[in-house]
Structure formats: structure tokens, C-alpha cells
Amino acid sequence: MYENAPVRVREDIEAAHRDIWAALAKPGTWWTSAQRIGIAREARRARALRGLAPVPEGPVEATLPEIAVDCARRIGGDPASLDEGWFGSVMNGLSETEYVELAAIVVQTVSVDVFCRGLGIPLHPYPAPRAGEPSYERPDSAVDEEAWVQTIPAGAAGGDWGRSLYGDVAMPNVIRALSLVPDDAALALRQCESQYMAIPQVLDPSFEPQRGLSRAQVELIAGRVSAINECFY
């Protein structure tokens, strides 16, 4: 994906991004492949309207519900506008599982788009969608943990789903936020590990990433970007 980049891109980052793009090309848990690509396209379109991405090219393969289009555009292009009142209105048109998968797609693909923009290379074209139906598999250990959506708890309460996703690591709330759709949560965890650091390392304040920047520099950049993006979390 990055053979023409002006600098060398680490293999683990490229592998994580390749897996995200491959996941668009097959049915997800609650959305078809064509719908998953459509969600990513709407997020990119929202960023294009702000001058942060080119207008998406290629045919539109699937029709999305209008509420899904609004979600993809808001999360991808105007995340500071999200609040619990807006989320409540979304739940009149989408299930919480559909919403979580949509959010995960936007989070993952916008991150890859921004990575390309930082490198000064064209954004990756979307893959061709594959036929097939979503799996419609909801983890039975997901519970209400006082978030907007149900999540899989860490530890014994998470059951087999939690062990598969988290292992024996205590997971912060923000990481559990996508766990209602485990396949996409796993992709997001891998992306986090390659672009930031693994969760056990995040939880260890003495850990130094040994990637050219000190831990303090990494956290300063992360905090500054979050502030610029008006991240209410």
C-alpha cells in the first residue's frame, strides 16, 4: 500500500491498514460489503467538504439509510458535534450494533486516509465489494456498562468473547467502546497497536516506545491532536 511513499512505512502499520481495507471488501457483522464501503465513502465525502480529502471517486454500490449517511458524515467530518441527544435520535433508525460497526469503519478508514494525507500520497481507492450477507452475530457477554452502547467487560465477566479480544489485560473504556462488534474491535486494536502502542504498554507509564519519539513526545502529540479535534472523551 505504501511502496510509493516518500518515507519508509513500518511493516506492522502497512499490515494493519491492509487488513482494514480487506475487511471493507467482505460482509461485516451487520452491514454488507457494499454498505461498509459506502460508509467509508460518506466519511471521506464529509472530510472532502472541509478540504481535508479529495471527493470520493468510483461507483456507489449500495444505498444506505439516511440516518447511516448522517452518522458516517458526522463521525468522519464533524465529531465534535456528537452528543448524547444526537445519539438518542440515531437509535430511532439504527440498532446499537449497526451504529457500533459504522463507527468502527469510520474510525479505521479515516485514520488511514489521514495517514496518507500526512505522507503526501493519494488516498487508497476502495476495494470492489464482495457478495454475501453479514453474520449478524452479537456477543452474548455484552452488557450495559453505562456507555452509550453495550460493551464486553474485561476480565471474567467478558466470557469467551472478552478473552478473545482482550486476553488477560484490563481494557480502558475507550477500547471497549467498539466491542459489541468484536471483528471490527479487533481491527481497531491492531491499528492502535501499530500506530500508537499496545494497550499493556499504554497502561505502563514507564514504557518507552523506541520508535524515534519518546513516550512524553508521543503523549504530547496525542493530547494536542485530541484537543484540536475537540475530543470530548
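Residues numbered from 1 in each chain as written. Predicted model: local features only at pLDDT ≥ 70, side-chain atom pairs only at ≥ 80, totals over all residues. Heavy atoms only, no water.

### Quick notes on the overall build of the protein chain
A count of helices and strands for the protein chain gives 10 helices and zero strands. Reading the protein chain from its N terminus to its C terminus gives the helix and strand order α-α-α-α-α-α-α-α-α-α. Against the globule reference of 17 Å for 233 residues, the protein chain gives a C-alpha radius of gyration of 17 Å, in line with a compact fold. Dimensions of the protein chain, computed from C-alpha atoms along their principal axes, come out at roughly 50 × 45 × 35 Å. Residue burial in the protein chain is summarised as follows: out of 233 residues, 45% are buried. Considering only intrachain contacts with a sequence separation of at least 6, the fraction spanning at least 24 residues in the protein chain is 63%. Positive and negative side-chain charges in the protein chain, numbering 21 and 32 respectively, have mean positions lying 7 Å apart. (Helix = DSSP H or I, 4+ residues; strand = E, 2+ residues; numbered from the N terminus. Rg over C-alpha atoms; globule rule 2.2 N^0.38 Å. Buried < 20%, exposed > 50% of the residue type's maximum accessible area, 1.4 Å probe, protein only. Contact = heavy atoms within 4.5 Å. Lys, Arg positive; Asp, Glu negative; His and termini not counted. Charge placed at Lys NZ, Arg CZ, Asp CG, Glu CD.)

### Some points on the side chain of Asp184
Along the chain, Asp184 turns up in helix 8 (residues 182-195). On the basis of relative accessibility, which here comes to 2%, the residue Asp184 falls in the buried class. Beyond its immediate chain neighbours, meaning those up to four positions away, Asp184 contacts Arg36, Glu101, Ala104 and Gln108.

### Digging into the packing of aromatic side chains
All chains considered together, the criterion is met by six aromatic pairs. With a centroid separation of 5.1 Å and 25° between ring planes, the pair formed by Phe87 and Trp148 is classed as stacked. Taken as a pair, Phe87 in helix 4 (residues 84-90) and Trp148 in the loop between helix 5 (96-119) and helix 6 (159-166) lie far apart in primary sequence, 61 residues in all. Judged by relative accessible area, Phe87 falls into the buried class, the value being 6%. Among the residues examined, Trp148 registers a relative accessible area of 29% and is labelled partly exposed. Every member of this aromatic cluster is reached through a ring pair, and the members are Trp86, Phe87, Tyr99 and Trp148. (Phe/Tyr/Trp six-rings, centres within 6.5 Å; stacked < 30°, edge-to-face > 60°.)

### Here we look at helix 5
Look at helix 5: 35 Å from first C-alpha to last across 24 residues, which is about the 34 Å you get at 1.5 Å a residue. Immediately downstream of helix 5, the backbone of Gly120 shows phi near 75°, a positive value. (Expected span 1.5 Å × (residues − 1).)

### Description of the pattern of salt bridges
Scanning the entire structure with this criterion turns up 14 salt bridges. The salt bridge involving Asp12 is made with Arg10; its shortest N-O contact spans 2.9 Å. Asp12 gets classed as partly exposed once you look at its relative accessible area, which sits at 30%. Here Glu42 makes a salt bridge to Arg45, at a shortest N to O gap of 3.8 Å. (Salt bridge = Lys/Arg side-chain N within 4 Å of Asp/Glu carboxyl O.)

### Description of the packing of helix 1 (residues 11-24) against helix 2 (residues 33-49)
Remark: helix 1 packs on helix 2, axes separated minimally by 8 Å, with the N-to-C direction vectors making an angle of 120°. Judged by the angle between their axes, helix 1 and helix 2 are oblique. Packed against helix 1, whose contacting residues are Trp21, Ala23 and Leu24, the element helix 2 presents Ser33, Arg36, Ile37, Ala40 and Arg44 at the interface. (Axes fitted to C-alpha atoms, helices over the stretch in contact; angles between N-to-C directions. Parallel < 35°, antiparallel > 145°, perpendicular 65-115°, else oblique.)

### A word on unusual backbone geometry
Even without glycine at this site, Tyr136 takes up a positive phi of about 55°. Within the secondary structure layout, Tyr136 lies in the loop between helix 5 and helix 6. Judged by relative accessible area, which is 45%, Tyr136 ranks as partly exposed.

### Regarding helix 6
Every buried residue of helix 6 is listed here: Gly159, Gly162, Leu165 and Tyr166. All buried residues of helix 6 lie within an arc of 105° about the axis, which places them on one face of the element. Residues Asp160 and Ser164 are exposed on helix 6 and point more than 90 degrees away from its buried face. Against the buried residues of helix 6 lie helix 7 (173-176) and helix 8. At the exit of helix 6 stands Gly167, carrying a positive phi of roughly 65°. (Arc of directions from axis to C-beta.)

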